[in-house]
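What follows is the residue order along each chain.
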Amino acid sequence: MITNDIKYIGVNDHKIDLFEGQYIVPNGMAYNSYAIIDEKIAIMDSVDINFKDEWLCNIKETLGERKPDYLVVQHMEPDHSANIMSFIEAYPDAKIVASAKAFAMMKNFFGTDLDDKKVVVSEGDTLNLGKHTLTFFTAPMVHWPEVVVTYDSKDKVLFSADGFGKFGALDVDEDWACEARRYYFGIVGKYGVQVQSLLKKLATLDVEKICPLHGPVLTENLPYYINLYDVWSSYKSEDKGIVVAYTSVYGNTKKAAMLLCQKLKDNGVEKVVLNDLARCDMAEAVEDAFRYDKVVFATTTYNADIFPYMREFINHLTERNFQNKTVAFVENGSWAPTGAKVMKEMLSKCKNLEYVNTTVKIMSALNSDSESQLELLAQELCENKVEKGGSDSVKYVCDICGWVYDEEKGSPENGIAAGTAFDDLPEDFVCPLCGVDKSNFSKTE
Ligand code: FEO
């Protein structure tokens, strides 16, 4: 029970091998669903396809003789939407409540947009259940474009869709932040600007409980969770520390990475994290790179490029807007090392990266020269001797729908070419997604 009127009707999944087809989840996964029981009854989202019977059974057991009046679909990713048609089959008189974009997705997933059952909601719309009134807020790209979150003003409960979710089933006791952080950076990390936009909307609400679609219901110390989401989505480093991420073919780059870690510790660095990108959980390595304020990339030259796991790692970072870090490189190559050049080029679009002056060059194996460079690098990482790099583009974010004007991309819809910089958006600027004027945009540096 969440409150007197709000009941948990979700499920735990301990059979899943990879969440979203890629994330290992050693402690399983929870697909949350809730029933709000009032004069009218609303079910908040469905669950993964493999749990249809358990979920329908949970609804029946919770409601007894009563039947739901609404299924609110906050998010159309199949881990939550897969049982919409089964719900309709079980409860043919119920209405489906969702955003217009969600109904368009239902047409794609199920071949129907449920015209006779649909209740379309957008920003600020309400649904009265009796004592409870639900207010909907659009949350585009947290984590898909159709997402809405829902606020119940009577019980002061926020249904936050994927926001504030984590990996792990609910019958396993584990730390929240570790798996919530890995989940956030893996799944929502690219959309920090949109999460910031949502946090701004939520700041106006009096929230006592957060009911996400994954992970536990949050009932105490909400500023702790909200602050972490603010740190993560604004791409600030959560902790001071140095991540050494490496790939190694025959162990020589590994030896250098380990020696660097030792030197960092000898220089007094308290938190040093060593990740072998070919063997660790890549999502954990990505999480670490966003969590700590300094990252060392160490790799071998491979096919005149870099070793594939390092390329994959950097791609994961750049597509999630990696920024605001101190960065250093260690390159290894037997005849023509190119690793540092390739890695720096891959990171060149990232904002606010500061590069340590020393790049360590290893020709096959460590020698006295490269060991001296490692010593210098360790000292510089501790002293913060850096040069500035990367791009500093300004963005304007639509407070209503989360669409982002990025100077680097411009806005063809408004006749603005890529690379056009403004102190302020033009007076006649309108959001290409939701159509509101420039007064609804916030500037982010
Ligand atoms: Fe839990 Fe984006 O689905």
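This structure is a prediction, so every number in the text was calculated from the model and none was measured.

Thresholds applied
Residues numbered from 1 in each chain as written. Predicted model: local features only at pLDDT ≥ 70, side-chain atom pairs only at ≥ 80, totals over all residues. Heavy atoms only, no water. Axes fitted to C-alpha atoms, helices over the stretch in contact; angles between N-to-C directions. Helix = DSSP H or I, 4+ residues; strand = E, 2+ residues; numbered from the N terminus. Left-handed = near helix turned anticlockwise from the far one by under 90°. Contact = heavy atoms within 4.5 Å. Nonpolar A, V, L, I, M, F, W, Y, C, P; charged D, E, K, R; others polar. Phe/Tyr/Trp six-rings, centres within 6.5 Å; stacked < 30°, edge-to-face > 60°. Buried < 20%, exposed > 50% of the residue type's maximum accessible area, 1.4 Å probe, protein only. Lys NZ or Arg CZ within 6 Å of the ring centre and 35° of its normal. Domains from an automatic or database assignment. Buried area = accessible area lost by both parts, 1.4 Å probe. Salt bridge = Lys/Arg side-chain N within 4 Å of Asp/Glu carboxyl O. Parallel < 35°, antiparallel > 145°, perpendicular 65-115°, else oblique. Pairing = 2+ DSSP bridges.

Caption draft 1: Layout of the packing of helix H6 (residues 192-202) against helix H7 (residues 222-233). Relative orientation of the contacting elements H6 and H7 amounts to 145°, with a least axis distance of 8 Å. Crossing of H6 over H7 shows left-handed handedness. In this structure, H6 contributes Gly-192, Val-193, Val-195, Gln-196 and Leu-199 to the contact, and H7 contributes Ile-226, Tyr-229, Asp-230 and Ser-233. Classifying every residue of the contact of H6 with H7 by side-chain character gives 5 nonpolar, 3 polar and 1 charged.

Caption draft 2: Main features of the packing of aromatic side chains. All told, the structure shown has 30 aromatic pairs when counted by the stated rule. Ring centres of Tyr-184 and Phe-185 lie 5.1 Å apart, and the angle between their planes is 90°; this geometry places the pair in the edge-to-face category. Look at Phe-185 and you get buried, because its relative accessible area is 2%. Pairing Phe-185 with Phe-290 gives two aromatic rings, centres 4.6 Å apart and planes at 10°, and the pair type is stacked. Placement of Phe-185 in helix H5 (residues 176-188) and of Phe-290 in helix H9 (residues 282-291) is noted, with a sequence separation of 105 residues between them. On the basis of relative accessible area, Phe-290 is assigned to the buried category, the value being 3%. Note that Lys-118 overlies the ring of Phe-103, its terminal NZ or CZ placed 5.5 Å from the centroid.

Caption draft 3: The domain arrangement of the chain, seen in detail. Under the domain assignment used here, the chain contains domain 1 (6-233), domain 2 (239-389) and domain 3 (393-445). Counting from both sides, the interface comprises 9 residues of domain 1 and, opposite them, 9 residues of domain 2. For the domain 1 and domain 2 pair, buried surface summed over both sides reaches about 940 Å², with 52% attributable to carbon and sulfur atoms. The interface formed by domain 1 and domain 2 holds 3 salt bridges in total. For the salt bridge of Arg-182 with Glu-284, the shortest nitrogen-to-oxygen distance reads 4.0 Å.

Caption draft 4: Just the packing of helix H8 (residues 252-266) against helix H12 (residues 368-383), in detail. Interaxial distance between H8 and H12 falls to 9 Å at its minimum, and their mutual angle equals 45°. In this view, H8 runs oblique relative to H12, as classed from their interaxial angle. As H8 packs across H12, the resulting crossing turns out to be right-handed. Contacts between H8 and H12 involve Ala-256, Leu-259, Leu-260, Lys-263 and Leu-264 on the former and, on the latter, Glu-371, Leu-374, Glu-375, Leu-377, Ala-378, Leu-381 and Cys-382. For the contact of H8 with H12, the per-class residue count stands at 9 nonpolar, no polar and 3 charged.

Caption draft 5: Structural detail: the sheet that holds strand S25 (residues 404-406). Spatial ordering of the open sheet is given by S25-S24-S26, a layout of 3 strands whose pairing is antiparallel. Lying at the two open borders of the sheet, with one neighbouring strand each, are S25 and strand S26 (441-444). This sheet shows a mean twist of 25° between the axes of neighbouring strands, independent of strand direction. Direction of pairing for strand S24 (residues 395-398) relative to S26: antiparallel, over a ladder of 4 bridges. Across the sheet, the residue bridging to Tyr-396 is Lys-443, located in S26. Each of S24, S25 and S26 is contacted by H6, which is oriented at about 50° to S24, the strand it contacts most.

Caption draft 6: Region of interest: the sheet that holds strand S9 (residues 95-98). Strand order in the open sheet formed by 6 strands is S1-S6-S7-S8-S9-S10, with mixed pairing between adjacent strands. The sheet is open, and its two borders are formed by strand S1 (6-8) and strand S10 (118-120), each paired with just one other strand. Between one strand axis and the next, the sheet turns by 25° as a mean value, whatever way the strands run. In this structure, strand S6 (residues 34-37) lies alongside strand S7 (residues 41-44), joined through 4 bridges in antiparallel fashion. Looking at the pairing, Ala-35 lines up with Ile-43 of S7. Along the sheet, helix H4 (residues 100-110) makes contact with S9 and S10, crossing S9 at roughly 120°.

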